[in-house]
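# Structure at a glance
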Amino acid sequence: METSLKNKKILITAGPTREYIDPVRFISNESSGKMGYAIAEALHQMGADVILISGPVSITSSFPKNKIVSVMSGNQMYEACQKHFENIDVAIFCAAVADYKAKNTSVIKIKKIENETTLELEKNVDIAFEFGKVKTENQKSVGFALETNNIHENAVDKLKKKNFDLIVVNSPNVNEGFGYDTNKITIVDKNLSLFSFPLKNKKEVALDILTHLKNSYNIIEEE
Ligand code: C5P
């Protein structure tokens, strides 16, 4: 078994979040969690001490259930992450956290009205950005960006804004990104160098990302 990440503490977020409006309605997105779980499985196989903070997903995985912290909302995901920020070597932000949440939520089901209505939204917490502010020299972080246009400019902006060491870019094309078993990625690093990969299954993509991370930032167990 490859144990190159033995003794490394790695946090990974995966899946979507759900921002409830009332007990039966919520804002969410199409994230399946497959990419995040594939990375978590690969990390576990490499001997890392992995904490997987997962939004609601329905996938079968070989990743140990007792290492999964299940959450619903972006705020819950942030709180779960915060408990570990200080002690981790690497954070991998793979979750598709909902950008907005309802400004006011109702504990009872909101009644349907005849005419149009307005739902006020407010920005959700940006977990990766918050970690980017507090992370130390020795801590590394990896972000993801799903972009439909100006792909590389947007990815570079996010890398800088959220203080990532690597950003993995994908697009919502057929067979890539949300829900599929395959993904086609480009990795951008701190030097803004681009590395493009062909379409692969998410298990192979996970290995490409982790190999790149280990080689770029020398994240291996010290003898
Ligand atoms: O949604 P966005 O494109 O800004 O996501 C870029 C990166 O930031 C992803 O790695 C995502 O997991 C992370 N993110 C986060 N919290 C948010 C939004 C995004 O951690 N509220």
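What counts as what
Residues numbered from 1 in each chain as written. Predicted model: local features only at pLDDT ≥ 70, side-chain atom pairs only at ≥ 80, totals over all residues. Pairing = 2+ DSSP bridges. Helix = DSSP H or I, 4+ residues; strand = E, 2+ residues; numbered from the N terminus. Axes fitted to C-alpha atoms, helices over the stretch in contact; angles between N-to-C directions. Contact = placed C-beta atoms within 7 Å. Near = placed C-beta within 6 Å. Nonpolar A, V, L, I, M, F, W, Y, C, P; charged D, E, K, R; others polar. Buried ≥ 20, exposed ≤ 12 C-beta atoms within 10 Å, placed from the backbone. Arc of directions from axis to C-beta. Parallel < 35°, antiparallel > 145°, perpendicular 65-115°, else oblique. Left-handed = near helix turned anticlockwise from the far one by under 90°. Expected span 1.5 Å × (residues − 1).

## Focus: the sheet that holds strand β1 (residues 9-14)
Sheet architecture is open: eight strands sit in the order β5-β4-β1-β6-β9-β10-β12-β13, paired in mixed fashion. The sheet is open, and its two edges are formed by β5 (68-70) and β13 (194-196), each paired on a single side. Here the average twist between neighbouring strands, direction ignored, is 15°. Sheet topology places strand β10 (residues 166-170) next to strand β12 (residues 186-189); four bridges connect them, and they run antiparallel. Opposite L166, over in β12, you have D189 as the bridge partner. Docked against the sheet, helix α5 (residues 202-217) engages β9 (140-146), β10, β12 and β13, running at close to 155° with respect to β10.

## Concerning the site of the ligand
What surrounds the ligand is a group of 16 residues, the closest being F93, V97, I127, A128 and G143. Only α3 (127-134) and β9 provide two or more residues apiece to the shell around the ligand. Broken down by element, the shell around the ligand gets its largest block of residues, three residues, from β9. Tallied by class, the residues present in the shell around the ligand amount to nine nonpolar, four polar and three charged.

## Some thoughts on α3
When α3 is considered as a whole, its buried residues turn out to be I127, A128 and F131. Seen end-on, α3 carries its buried residues on one side only, within an arc spanning 95°. Buried residues in α3 make contact with β1, α2 (74-85), β6 (90-93) and β9.

## A short note on the packing of helix α1 (residues 34-45) against α5
Packing of α1 against α5 leaves a shortest axis separation of 8 Å and a crossing angle of 60°. Considering their axes alone, α1 and α5 lie oblique with respect to each other. Handedness of the α1/α5 crossing: right-handed. Contacts between α1 and α5 involve K34, M35, A38, I39, A42 and L43 from the first element and K202, K203, A206, L207, I209 and L210 from the second.

## A few points about α1
In a regular helix each residue adds 1.5 Å, so 12 residues correspond to 16 Å; α1 covers 16 Å between its end C-alpha atoms and thus fits that length. Counting buried positions over the 12 residues of α1 gives nine, a clear majority of the element. All of the buried residues in α1 are K34, M35, G36, Y37, A38, I39, A40, A42 and L43. Looking at the buried positions of α1, the neighbouring elements they touch are β1, β4 (49-54), β6, β11 (182-183) and α5. A positive backbone phi angle near 90° is found at G47, which sits one or two residues after α1.

## Points about the pairing of β10
Taken across its five residues, β10 has five buried, putting it largely inside the fold. Pairing analysis gives five bridges linking β9 to β10, with the strands arranged parallel. Each residue of the ladder has a partner; that of V142, found in β10, is L166.

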